[in-house]
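An overview of the molecular structure
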Amino acid sequence: MSHSAKPVFSCTDVHVWIAEKEVVKGVDLAVSAGEIHAIMGPNGSGKSTLANALMGHPAYTLEGTVELSGEDVTSLSPDEKARRGMFLAFQYPVAVPGVTVASFLRAAVAAVRGTEVPVREFRKELLARMEDLEMDPAFAGRYLNDGFSGGEKKRLEILQLLMLKPRFALLDETDSGLDIDALKVVAEGINAAASQDVGMVLVTHYQRLLNYVRPHVVHVFMDGRIVRTGGPELALELEERGYDWLETPATAGGA
Amino acid sequence: MASRAATGATLPMLALEHVAELSSVAGEDRALLALRNQARELLTPLLLPDRARHLWRYTDPTRFLPDTDPTDLTPTDVGPTWRLEEPLSVAGLLAGGALRVVEMDAQARKAGVAVEDLHHAKAAEMLGQAVPPGHGFVEDINTAAWRGGVLVRVPAGVALEHPIRLRVVAGPLTLPRVLVVAGEGSSFEIIEGHVGGDRSVGKVLGVTEILVARDANVRYGLVQRWDPGIVGHLTARARVAAGARFHLSLASFGGSTFKADVGAYLAGEGAEVETAGVAMGGDQQHFDHHTEHIHEARKTSSNLDFKVALTHAARSTYTGMIRIARQAGGSEAYQENRNLLLSHDARAESIPELEILTDDVRCSHGATVAPIDPEQLFYLQSRGLANLQAMRVIVYGFLDQTLARLPQTTRERIEALVAARLHTE
Ligand SMILES: Nc1ncnc2c1ncn2[C@@H]1O[C@H](COP(=O)(O)OP(=O)(O)OP(=O)(O)O)[C@@H](O)[C@H]1O
Ligand SMILES: [Mg+2]
């Protein structure tokens, strides 16, 4: 699908178990710099499980290989992956009371960039990115996700994406629960990141987002597998026909 | 740990042979000696509290019995030097059974602030007002045998710009006594810091009383950061008069076994008490904190927020008493204790105790004991924070709202200690 460039992210034959249950049953993906992939699939099919396990969630058992720019990172901890340029925007970001957005982001930026950014410079950058996302600067002083509305949490995930500047980002339903203005703002953030050569995978249920963000590749995810891969037109087809017509994994098509 | 506690066969021993000699060598008046003897009487014979009684259910009382006679006069150690880092009204050092006034600034001197050796301060009539003989056997041992004491008296109407700091240094056996007398309408911050132990074994049985007159505003901090060998019991009680405010900050870090009994009597109409505390334990540390907010008068209000974070195999028990007397209608009292467990082996218990004798009150309490949330950890780690750093951030967050309640200097001090503690884990 992509050009000759080495993918910023790839995974091969990934299986994920939660306790004894196999939820992800063999997934291959390869994402190049600046490329946007969309993953669409029914509720409970295992999309978030895949995303969390790829990031290294300790509750999941992952088999297969995960690579970032050709480096095998399968057994690395989440923070090691983050420091190598991987990012996950959570479907359900957790609250951390008592920790302000600004102090948390400063620590995260220092960890990921491997160097402390001077406070003044950091504040300037943070406020600029918040302005891009039309966020009230007061959010910098609020506790992380604590009492945030659904839409505010999603904006904060994108703010983190823009501040941490990963090479590869997995966005798990970052468009869910957004009003139309917020959706546009978030889409602009995603496009901005893509134009900076970030490779991206968007897990989404809605064609709506894809009106603003044009994916290069669309995957259909069902029952723990990618059952079909196509271009943007596949998303439109799903919008029209649902998932029923794709029922059997045997119909899975490659690109 | 092997139990070295006395078994049923051998009765615990307590020798207090030289009370009169201790008192006369220290130059005390007869009233003070009488108070010592009164406490000593209560200890003869020595009846240890019933372990079934709530206050002693979690900690063996024999751990606090002195191994030698505390009234036996031993040569006085030279106290360590103390480098002052911030502007203070008064700095007083209690070490080796003696008081040294290290600092007294011009404002405090001009205002008539008194910092005196309690042995000859002629303050017997004020001693025992907040912790009277019979309060408990540990406090009685202190009252009978304390050595090294300080009276801090701030005259009526005086508002001190800088805080008062007291530093109490633990030796092999230390029985310090502190009496703070806040005059009507006075306002000041006072921090009592407990340090020392030199990594050796030692015992500390300390008692502090704070008398807060009408309309005064006292911010008192009790900061315990002993070396690991110390077994200690600290009692602090305030008596708060009408219209006065008392803020108690509690911070517990050190020692191997630490039992604290802190609180206040809201004795006059409209008195307000706020307690904010943090405790951080690790290794095999055993903490047992008890707080009491005792409402004796109408329209009094108290609030308590106590947070405990534990690592390794540390243990913590918290019992929080709110008592509202029949005549204390129109009062309100709130209490919250939260415990964060950072390891599988850490254990915490939290027991609220309410004795409310009137219907005309507003009162609530809450307690939680929870391990660190793995989803929070994963979230922070996914943003590049290594496991340990992520834990630190979560602990900071956990403590933050409580630390935010502390008065300025106390807060800075305690935050620095929290940070130091987190970075040694
Ligand atoms: N911690 C867990 N314990 C038990 N089952 C789990 C756990 N996490 C996920 N599952 C199960 O795994 C399956 C896949 O869940 P997942 O959240 O990955 O689906 P999804 O495709 O992201 O769905 P949605 O579109 O609703 O977000 C579901 O059946 C879910 O109940
Ligand atoms: Mg999901």
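Here's what I pulled together on the structure shown here. In this text the structure is predicted, and so the values were computed from the model without any measurement. (Residues numbered from 1 in each chain as written. Chains lettered and ligands numbered in written order. Predicted model: local features only at pLDDT ≥ 70, side-chain atom pairs only at ≥ 80, totals over all residues. Heavy atoms only, no water.)

1. Concerning the sheet that holds strand β6 (residues 86–89) of chain A
Residue and element names in this part refer to chain A. Test applied: The pairing criterion for strands is at least two bridges between them, as found by DSSP. Helix and strand definitions follow DSSP, with helices as H or I runs of at least four residues and strands as E runs of at least two, each counted in order from the N terminus. Under this scheme, a helix contributes an axis fitted over its contacting stretch, all axes are lines through C-alpha atoms, and angles between N-to-C directions fall in the 0 to 180 degree range. Only heavy atoms enter the contact rule, under which two residues are in contact if any of them lie within 4.5 Å.
The strand order β6-β9-β10-β3-β11-β12 describes an open sheet built from six strands, whose pairing is mixed. Here the strands that pair on one side only, and so sit at the sheet edges, are β6 and β12 (225–230). Taken over all neighbouring pairs, the strand axes of this sheet differ in orientation by 20° on average, direction set aside. Contacts between helix α1 (residues 47–55) and the sheet are confined to β3 (36–40), β6, β9 (168–172), β10 (199–203) and β11 (217–222), with β6 contributing the most and set at about 145° to the helix. Docked against the sheet, helix α6 (residues 180–195) engages β3, β9 and β10, running at close to 150° with respect to β10.

2. Let's talk about the interface of chain A and chain B
Put simply, the test is: Put simply, buried area is how much 1.4 Å-probe accessible surface two parts lose in total, over both of them, once they are put together. Whenever a carboxyl oxygen of Asp or Glu lies within 4 Å of a side-chain nitrogen of Lys or Arg, that contact is scored as a salt bridge. Classes in brief: Ala, Val, Leu, Ile, Met, Phe, Trp, Tyr, Cys and Pro nonpolar; Asp, Glu, Lys and Arg charged; the others, Gly included, polar.
Residue-level contacts link 32 residues of chain A with 19 residues of chain B. Interface area lost by chain A to chain B is led by D79(A), F90(A) and V94(A), which between them contribute 24%. Taken together, the connections running from chain A to chain B amount to one salt bridge. R383(B) is the salt-bridge partner of E157(A), the closest N and O atoms lying 2.7 Å from each other. Counting only elements with at least two residues in the side of chain A that touches chain B, the list comes to α1, α2 (78–83), β6, β7 (96–100), α3 (101–113), β8 (143–144) and α5 (150–164) of chain A. Looking at which element gives the most residues to the side of chain A that touches chain B, the answer is α3(A), with five residues. Of the residues that constitute the side of chain A that touches chain B, the class distribution is 23 nonpolar, six polar and three charged.

3. With respect to the coordination of the magnesium ion (ligand 2)
We count it as follows: For Na, K and Ca the donor cut-off is 3.2 Å, and for all other metals it is 2.8 Å, counting N, O and S atoms only; because water is absent from this set, sites may look incomplete.
Listed as protein donors to the magnesium ion (ligand 2) are S48(A) (OG) and Q91(A) (OE1); their distances from the metal cover 2.0 to 2.1 Å. A residue pair is termed long-range when its members are at least 10 positions apart, and S48(A) in helix α1 and Q91(A) in the loop between β6 and β7 qualify at 43 residues.

4. Points about the nonpolar core
The condition is simple: What we call a nonpolar core is a set of buried Ala, Val, Leu, Ile, Met, Phe, Trp, Tyr and Cys residues that are connected through their side-chain atoms within 4.5 Å. Accessibility here uses a 1.4 Å probe with only protein chains present; expressed as a share of the type maximum, an area under 20% marks a residue as buried, one over 50% as exposed, and anything in between as partly exposed.
Residues F9(A) and L380(B) are the most contacted members of the largest nonpolar core, which totals 106 residues. Ranked by residues supplied to this core, first place goes to α3(A) with nine residues. Not counting the four nearest positions on each side in its chain, F9(A) is found in contact with L29(A), A30(A), V31(A), L54(A), V66(A), E67(A), L68(A), M86(A) and F168(A). Of all hydrophobic cores here, the second largest spans 55 residues; its members include A182(B), W226(B), V240(B) and F287(B).

5. Topic: the packing of helix α5 (residues 374–381) of chain B against helix α6 (residues 387–403) of chain B
Residue and element names in this part refer to chain B. Note the threshold: Convention used here: angles under 35 degrees read as roughly parallel, angles over 145 as roughly antiparallel, angles from 65 to 115 as roughly perpendicular, and any remaining angle as oblique. Helix crossings fall into two classes, left-handed where the near helix is turned counterclockwise from the far one by less than a right angle and right-handed where it is turned clockwise.
Two numbers describe how α5 lies on α6: the axes approach to 9 Å, and their chain directions differ by 120°. Here α5 lies oblique to α6, going by the angle between them. Here α5 and α6 pass one another in a crossing that is right-handed. Residues Q376, L377, L380 and Q381 of α5 lie in contact with α6, whose contacting residues are N387, A390, M391, V393 and I394. For the contact of α5 with α6, a count of residues per class yields six nonpolar, three polar and no charged.

6. Some words on the packing of α3(A) against helix α4 (residues 119–132) of chain A
Residue and element names in this part refer to chain A. Between α3 and α4, whose axes approach to 11 Å, the crossing angle comes to 105°. As summarised for this structure, α3 and α4 are arranged roughly perpendicular, according to the angle between their axes. Residues A102, L105, R106, V109 and R113 of α3 form the contact with α4, whose participating residues are V119, F122, R123, E125 and L126.

7. Notes on the pattern of salt bridges
Enumeration according to the criterion identifies 23 salt bridges over all chains in this entry. Between R113(A) and E125(A) there is a salt bridge, and its shortest N-O distance comes to 2.7 Å. Taken together, the residues span a long stretch of sequence, with R113(A) in helix α3 and E125(A) in helix α4 at a distance of twelve residues. With its nearest N and O atoms 3.4 Å apart, the salt bridge here joins K259(B) to D288(B). Within this pair, whereas K259(B) is found in strand β13 (residues 257–266), its partner D288(B) is found in strand β15 (residues 286–295), the two being separated by 29 residues in sequence. By the burial criterion, K259(B) is buried, and D288(B) matches it. Linked by salt bridges that have partners in common, R113(A), E125(A) and K165(A) make up one network.

8. A closer look at the packing of aromatic side chains
Aromatic rings in a pair are described by how distant their centres are and how their planes are angled relative to each other. Stated formally: Here a Phe, Tyr or Trp ring, Trp counted by its six-membered ring, pairs with any other such ring whose centre lies within 6.5 Å, and the pair is stacked when the planes are under 30 degrees apart, edge-to-face when over 60, and tilted otherwise.
Under the counting rule described, the total for this entry stands at eleven aromatic pairs over all chains. Seen from their ring centres, F9(A) and F168(A) are 4.0 Å apart, and the 10° between their planes marks the pair as stacked. On the criterion of sequence distance, the pair formed by F9(A) in strand β1 (residues 9–18) and F168(A) in strand β9 is long-range, its members being 159 residues apart. An identical accessibility class is assigned to F9(A) and F168(A); each is buried. Measuring from ring centre to ring centre gives 5.4 Å for W56(B) and F137(B), while their planes differ by 50°; the resulting arrangement is tilted. Of this pair, W56(B) sits in the loop between α2 (30–42) and β1 (90–95) while F137(B) sits in helix α4 (residues 137–145), and the two are 81 residues apart along the sequence.

9. Some details on unusual backbone geometry
Each neighbour pair has its own omega, and for T44(B) with P45(B) the value is -5°, a cis peptide bond. On the secondary structure map, P45(B) appears in the loop between α2 and β1. Phi angles above zero are rare outside glycine, and S69(A) is one such case at about 45°. Mapped onto the elements, S69(A) comes out in the loop between β4 (60–68) and β5 (71–72). Although it is not a glycine, N145(A) sits at a positive phi angle of roughly 60°. Within the secondary structure, N145(A) sits in the loop between β8 and α5. You can call N145(A) buried: its relative accessible area is 2%.

10. Let's talk about a negative patch on the surface
All names here are of chain A. We apply this condition: Like-charged residues are merged into a patch within 9 Å and nonpolar side chains (Val, Leu, Ile, Met, Phe, Trp, Tyr) within 5 Å, provided each residue has over 30% relative accessible area and no salt bridge. We get accessible surface area from the Shrake-Rupley algorithm with a probe of 1.4 Å; when it comes to residues, only the shown protein chains can shield them. By the counting rule applied here, Lys and Arg register as positive and Asp and Glu as negative, while His and the ends of each chain are not counted. Where a charge lies is defined by one atom per residue type: Lys uses NZ, Arg uses CZ, Asp uses CG and Glu uses CD.
On the surface, E134, D179, D181 and E188 cluster together into a negatively charged patch. As for its position among the elements, E134 is in the loop between α4 and β8. Looking at E134, the relative accessible area reads 59%, which means it is exposed.

11. Thoughts on the site of ligand 1
All names here are of chain A. In plain terms, the rule: We call a residue near a molecule or strand whenever a single non-hydrogen atom of that residue lies within 4 Å of it. Whenever a nitrogen or oxygen atom comes within 3.5 Å of another N or O atom, the pair is scored as a polar contact, on the condition that within protein one atom can donate a hydrogen and the other can accept it, and that pairs from neighbouring residues in sequence are kept only if both atoms are in side chains.
As a structural note, the neighbourhood of ligand 1 is formed by 15 residues, with G44, K47, S48, T49 and H205 the closest of them. Between ligand 1 and K47, the relevant distance is 2.8 Å, taken from an oxygen atom to a side-chain nitrogen or oxygen of the residue. For ligand 1, whose free accessible area comes to 630 Å², the fraction covered by protein is 61%. Here the shell around ligand 1 is built from residues that sort into four nonpolar, eight polar and three charged.

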